[in-house]
Amino acid sequence: MRLSRYFLPVLKENPAEAQIVSHRLMLRAGMIKQAAAGIYSWLPLGFKVLRKLENIVHEEQIRAGHIPIQMPILQSADLWRESGRYDDYGEEMLRMKDRHGRDMLYTPTAEELVTDIFRGHVNSYKDLPLTLYQIQWKFRDEIRPRFGVMRGREFYMKDGYNFDLTKEDALHAYNRHLVSYLRTYERMGLQAIPMRADSGPIGGDDTHEFLVLADTGESEVFYDSAVTDIRLGQRDIDYDDKAQCQAVMEEFTSLYARTDETHDEALFQQVPEERRRSARGIEVGQIFYFGTKYSEPMGATVQGPDGKQVPVHMGSHGIGVSRLIGAIIEASHDDKGIIWPEGVTPFHCGIVNLKQGDDEADAACDKIYKALTALGLEPLYDDRNERAGAKFATMDLIGLPWRITVGPRGLKNGVVELTSRRTGESEELSPEAAVTRIAEIYERRA
Ligand code: 5CA
């Protein structure tokens, strides 16, 4: 992409309405624009990051054996009356009537609809286990939407639902989700710690939230600092292996880590004092096991091996895809702007032409641009007639992890400059070597 042809409406001034850094930077970098309270349009740069996160979520869900579907945003109230949640859900649910006076709602989550799909098509235990998921817009009429995409009313969420014959199988699905979520967050450059939590309107007793530690987080958390040393890394996990998934679950959840809703001061006191931490965190996902809470009232049963009809054991599992963008920026920025981790960056590298219109500089930039594109990488080439300072400021603000700077003076010596956004360190090398270096960086991290 050439910046002269792109739509990147960056803001010079700090927007007054933004209270936290991620919201401020998303507005300033032209990623989103508020359409109504807690509802946003996604401008090209923001939309690109959203798509990247979505792709990572899909890849990791499919790797875990989960199957993508797409359910509608508007649902009939009837199913929600069957589960009893139509009245329970309260004011967070946006309700409306269609022209025939039928009660409709904008989906805040989809346990009922997916259970209806299941009961309509699955009759035998032989068709289990089954996990269906979607990535879809949700609406919750939050009293206090704030912090931009962090607490929106309309937000983008991955929601997955497992159907199993027994509690034991459903707990394996729970563990599988835990492992796949850890992989997902790590690929996004984040550490998200599973913490014991409260299940709220979804229900059930077994639930963990995934929290990214950040001063601006809305959740209060208590944990043993040793949990922050654990990483999943490049482990090869067999998602069908119950013992292996269980072991990862135990490794990540045995140490004390709880949100304020389930915090137990007496238990916490047993953590060695020097490792006791209380902090704030951003909730970027939650997994639930709730047994037959929906399958029983809605009649989602299968014939078991003994011929008897039994309600299936279920859980649901969510990732806040749009919220994650805020969480990543909270975790990765400096006073000049965003610093994207390589795994989620909207463009792999920026190209800054210091002297637009200079034949040699223009030709060198074009060549680098073409070489990167031919490698399947996406560069953002700042080909505008702007001062170098303004070009650098834009690149720093939008946070591409690598920048190649091209100018007539360097080219006389056969070199361009490659700069890391994270460290600010630069090195001079030939244009070809710069391209090779970028290719290596992304192959290593692809
Ligand atoms: N049905 C279950 C699992 S699919 C469910 O709805 N879980 S949830 O309520 O915990 O939501 C899943 C994730 O969506 C949360 O962990 C959070 O990251 C994100 N989320 C929830 N509410 C909002 C909101 N108002 N704005 C942005 N993200 C949100």
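Procedures and definitions
- Residues numbered from 1 in each chain as written.
- Predicted model: local features only at pLDDT ≥ 70, side-chain atom pairs only at ≥ 80, totals over all residues.
- Heavy atoms only, no water.
- UniProt positions renumbered as here; feature names shortened; annotations may be inferred.
- Pairing = 2+ DSSP bridges.
- Helix = DSSP H or I, 4+ residues; strand = E, 2+ residues; numbered from the N terminus.
- Axes fitted to C-alpha atoms, helices over the stretch in contact; angles between N-to-C directions.
- Buried < 20%, exposed > 50% of the residue type's maximum accessible area, 1.4 Å probe, protein only.
- Contact = heavy atoms within 4.5 Å.
- Salt bridge = Lys/Arg side-chain N within 4 Å of Asp/Glu carboxyl O.
- Near = heavy atom within 4 Å.
- Polar contact = N/O pair within 3.5 Å; in protein donor to acceptor, adjacent residues only side chain to side chain.
- Areas by Shrake-Rupley, 256 points an atom, 1.4 Å probe, with all protein chains shown as cover.
- Nonpolar A, V, L, I, M, F, W, Y, C, P; charged D, E, K, R; others polar.

If you look the protein chain up in an unreviewed UniProt entry, it shows as Proline--tRNA ligase from Ruegeria marisrubri. Heading Sequence similarities (unreviewed entry) of the UniProt record for the protein chain holds this comment: "Belongs to the class-II aminoacyl-tRNA synthetase family. ProS type 2 subfamily." We quote the UniProt Catalytic activity (unreviewed entry) comment for the protein chain here in full: "tRNA(Pro) + L-proline + ATP = L-prolyl-tRNA(Pro) + AMP + diphosphate".

## Observations regarding the sheet that holds strand β6 (residues 103–106)
Read across the open sheet, the three strands follow the order β4-β6-β5; overall the sheet is antiparallel. Every interior strand has two partners, whereas the edge strands, β4 (74–76) and β5 (94–97), have only one. Each strand of the sheet is rotated relative to its neighbour by a mean of 35 degrees, with strand direction disregarded. Sheet analysis places β4 next to β6, joined by three bridges and oriented antiparallel. Counterpart to Gln75 in the pairing with β6 is Leu105.

## Things to note about the pairing of strand β22 (residues 416–420)
β22 sits mainly inside the fold: four of its five residues count as buried. Both strand β21 (residues 402–406) and β22 contribute to a ladder of four bridges, which runs antiparallel. Pairing of Thr405 across the sheet is with Glu417, part of β22. By the bridge criterion, four bridges tie β22 to strand β23 (residues 426–429) in an arrangement that is antiparallel.

## What to know about the sheet that holds β22
Strand order in the open sheet made by the five strands is β20-β19-β21-β22-β23, with mixed pairing throughout. Each having just a single partner strand, β20 (379–382) and β23 make up the two edges of the open sheet. Going across the sheet, the axis of each strand differs from the next one's by a mean of 20 degrees, ignoring polarity. Helix α11 (residues 359–374) rests against β19 (349–353), β20, β21 and β22 of the sheet, and its axis sits at about 170 degrees to β19. The sheet contacts of helix α12 (residues 388–398) involve β19, β20 and β21, and relative to β19 the element is tilted by about 170 degrees.

## Some remarks on the pattern of salt bridges
Summed over the entire model, instances satisfying the criterion amount to 30 salt bridges. With a closest N to O distance of 2.8 Å, Asp159 and Lys138 form a salt bridge. Of the two residues, Asp159 is situated in strand β8 (residues 154–164) and Lys138 in strand β7 (residues 130–139); the sequence distance between them amounts to 21 residues. Neither residue differs from the other here; Asp159 and Lys138 are each classed as buried. Residues joined in a network through salt bridges with shared partners are Glu59, Glu60, Arg63, Arg183 and Arg187.

## What about the site of the ligand?
Taken together, 22 residues lie near the ligand, and Thr109, Glu111, Arg140, Gly152 and Glu283 sit nearest. Within the backbone of Gly152, one N or O atom sits 2.8 Å away from a nitrogen atom of the ligand. Coverage of the ligand by the protein chains reaches 96% of its 600 Å² of free accessible surface. When residues of the shell around the ligand are traced back to their parent elements, those giving at least two are β8, β13 (276–291) and β16 (313–320). A breakdown of the residues in the shell around the ligand according to their chemical character gives seven nonpolar, eight polar and seven charged.

## A closer look at the environment of Lys308
With respect to the helices and strands, Lys308 occurs in the loop between β14 (301–303) and β15 (309–311). Of the residues examined, Lys308 reaches a relative accessible area of 56% and is grouped as exposed. The residues contacting Lys308, other than those within four sequence positions of it, are Val302 and Gln303.

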